[in-house]
Amino acid sequence: QLAAHARNYLVSAFSREIVWAGWTYFLDGPRAERGTVPALYARRRRLLRLLLCAVGATLAGWSFAGGSWGALAWLGFVPLLLLVEDEKPAAAFAWGLLYGVIRWCAGLPWMHGFVAGFLQTGPPETAVWVLGLAATQALRWGACAGLAAFAPRPWRGGAFAALALAAEAFWPALLPEPLAYTQLHVPAFVAWGRLTVAECVLACNALLAARRPWSVALAVLLA
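Because the structure is a prediction, the values reported are computed rather than measured. (Residues numbered from 1 in each chain as written. Predicted model: local features only at pLDDT ≥ 70, side-chain atom pairs only at ≥ 80, totals over all residues. Heavy atoms only, no water.)

Okay, the packing of helix H5 (residues 111-119) against helix H6 (residues 123-148) next. When two helices pack together, you describe them by how their axes are tilted relative to each other and by the distance separating the axes. Two numbers describe how H5 lies on H6: the axes approach to 9 Å, and their chain directions differ by 115°. It follows that H5 is roughly perpendicular to H6 by the angle criterion. Between H5 and H6 lies a crossing whose hand is right-handed. Contacts from Met111, His112, Val115, Ala116 and Leu119 of H5 reach H6 at Pro123, Thr126, Ala127, Trp129, Val130 and Leu133. The residue inventory of the contact of H5 with H6, partitioned by class, reads nine nonpolar, two polar and no charged. (Axes fitted to C-alpha atoms, helices over the stretch in contact; angles between N-to-C directions. Helix = DSSP H or I, 4+ residues; strand = E, 2+ residues; numbered from the N terminus. Parallel < 35°, antiparallel > 145°, perpendicular 65-115°, else oblique. Left-handed = near helix turned anticlockwise from the far one by under 90°. Contact = heavy atoms within 4.5 Å. Nonpolar A, V, L, I, M, F, W, Y, C, P; charged D, E, K, R; others polar.)

Structural data, given as structure tokens:
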């Protein structure tokens, strides 16, 4: 019974339905049972998804730290792809924006001190400026996630990868953050070209997010 509870608890982070003793419980929407166990799972599901977003985005940001940290880029977008799997475009955009903000702040922890010194501002005002700057950078990921949500569910990972690759080439960023920067510790790989590196990294993330035996095996082979 404890194992079944633990499984349902984890599944609730990604699915809107829970099957228990032959009954199907709906966590969100008009069919959700308010004030009962499913409603409790719905609240926990939101908390787990926020935690997944924060942890995944932080690890993705750390992939820019250099050296072996660059390996995190090969799975850095998987949490975001899991979050937008069942979302509508507006909600997917919000997840992408939040994910991008956390990712950018985690990748540039020194930015707070830089902005404070440049603008001569105190901690609260500096934090507002940093978050505003991070939000402008994160618009790229919000747009990719929101547009990918228009695709059928099985194709969202591939749609996100294609959109993110297009953004890598054409998105007008104030502070560019090419995915190739995460792989500078592999000079031969970087020599292939910035977009080729991004294409491989994004394809690996999409394959992992598909969660099929063949796709995971292909992602590991690609990485």
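Okay, the nonpolar core next. The biggest cluster of nonpolar side chains holds 37 residues, and the ones touching the most others in it are Phe77, Leu80, Tyr99 and Phe160. Those elements that provide at least two residues to this core are helix H2 (37-62), helix H3 (78-83), helix H4 (89-107), H6, helix H7 (156-170) and helix H9 (194-210). Ranked by residues supplied to this core, first place goes to H9 with nine residues. Excluding its chain neighbours within four sequence positions, the residues that come into contact with Tyr99 are Cys53, Gly56, Ala57, Ala60, Gly76, Phe77, Pro79 and Leu80. Listed in part, the eight residues of the second largest apolar core include Val101, Trp104, Leu133 and Ala134. (Core = buried A, V, L, I, M, F, W, Y, C linked by side-chain atoms within 4.5 Å. Buried < 20%, exposed > 50% of the residue type's maximum accessible area, 1.4 Å probe, protein only.)

What follows covers the packing of aromatic side chains. Evaluated as defined, the whole model comprises six aromatic pairs. Ring plane angle 55° and centroid distance 5.7 Å describe the contact between Phe77 and Phe160, whose orientation is recorded as tilted. Here Phe77, found in the loop between H2 and H3, pairs with Phe160, found in helix H7; they are 83 residues apart in sequence, far enough to count as distant. By relative accessible area, which is 3% here, Phe77 ends up buried. Phe160 sits in the buried class, given a relative accessible area of 2%. (Phe/Tyr/Trp six-rings, centres within 6.5 Å; stacked < 30°, edge-to-face > 60°.)

Read these as spatial facts, not as claims about activity.
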